Amino acid sequence: SSRVLWTLAVTQFYIGKLQIMKSGKVRLRLGDAIFDVIPAADASFSQHVSVIYPETQQCYVLGDISKRVLCIPDVEHLLEVEERLQQEQKEARAAKVQSKAPAGSSS
């Protein structure tokens, strides 16, 4: 099933939504783009998440990265969005041409 069970959105630094589907599938929505989120292979080396403050020349390690994921674009959705945008642009151009037609003429 493709019903959304819950959505996570961090409002202070909002960049998108992480959706957990009833089927267990995970999706990431960033604007008009949708990504399928799948587990990735573990790295054979250690990685950390850090924040650097250049003005004070300080660096803080926030923690280790223990799990990785791949975010794969939903190409079908992107093509649908592109098709919809092209159709809207075509309709806007047609309306503009029609509004410039002299009064009493028909298209």
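Residues numbered from 1 in each chain as written. Predicted model: local features only at pLDDT ≥ 70, side-chain atom pairs only at ≥ 80, totals over all residues. Heavy atoms only, no water.

Caption draft 1: View of the pairing of strand β2 (residues 17–21). Two elements, β2 and strand β3 (residues 26–30), share 4 bridges in a ladder whose sense is antiparallel. Note that in β3 the partner of L18 across the bridge is L28. (Pairing = 2+ DSSP bridges. Helix = DSSP H or I, 4+ residues; strand = E, 2+ residues; numbered from the N terminus.)

Caption draft 2: The pattern of salt bridges, seen in detail. Using the criterion set out here, one finds 1 salt bridge in the structure. A salt bridge links K25 to D36; the shortest N-O distance between them is 3.5 Å. Note that K25 is positioned in the loop between β2 and β3 and D36 in strand β4 (residues 33–39), a separation of 11 residues in sequence. You can call K25 partly exposed: its relative accessible area is 42%. (Salt bridge = Lys/Arg side-chain N within 4 Å of Asp/Glu carboxyl O. Buried < 20%, exposed > 50% of the residue type's maximum accessible area, 1.4 Å probe, protein only.)

Caption draft 3: Spatial organisation of a nonpolar patch on the surface. Together, V49, Y53, Y60 and L62 line one region of the surface with nonpolar side chains, adding up to about 390 Å² of accessible area. Of all the secondary structure elements, the ones that give two or more residues to the nonpolar patch are β5 (48–53) and β6 (58–64). Of note, Y60 is situated in strand β6. (Patch = residues over 30% accessible without salt bridge, like charges linked within 9 Å, V, L, I, M, F, W, Y side chains within 5 Å. Areas by Shrake-Rupley, 256 points an atom, 1.4 Å probe, with all protein chains shown as cover.)

Caption draft 4: Layout of the side chain of R68. Tracing the backbone through its elements, the reader meets R68 in the loop between β6 and β7 (69–73). Buried charge without a salt bridge: R68, with D42 as the nearest opposite-charge side chain at an N-O distance of 4.3 Å. One polar contact links R68 to Q47, side chain to side chain, over a distance of 2.8 Å. Leave out the neighbours within four places in its chain, and R68 touches P39, A40, A41, D42, A43, F45 and Q47. (Lys, Arg positive; Asp, Glu negative; His and termini not counted. Polar contact = N/O pair within 3.5 Å; in protein donor to acceptor, adjacent residues only side chain to side chain. Contact = heavy atoms within 4.5 Å.)

Caption draft 5: Unusual backbone geometry, seen in detail. With a phi angle near 55°, Q57 is a residue other than glycine that sits in the positive phi range. With respect to the helices, strands and loops of the structure, Q57 is situated in the loop between β5 and β6. On the basis of relative accessibility, which here comes to 74%, the residue Q57 falls in the exposed class.

Caption draft 6: Examining the nonpolar core more closely. Counting residues in hydrophobic clusters, the biggest one holds 6 residues: I20, V26, L28, A33, F35 and V37. The set of elements that each furnish at least two residues to this core consists of β3 and β4. When residues of this core are assigned to their parent elements, the largest contribution, 3 residues, is made by β4. Excluding residues that lie within four positions of it along the chain, A33 makes contacts with L28 and L78. (Core = buried A, V, L, I, M, F, W, Y, C linked by side-chain atoms within 4.5 Å.)

Nothing here speaks to function; it is geometry throughout.
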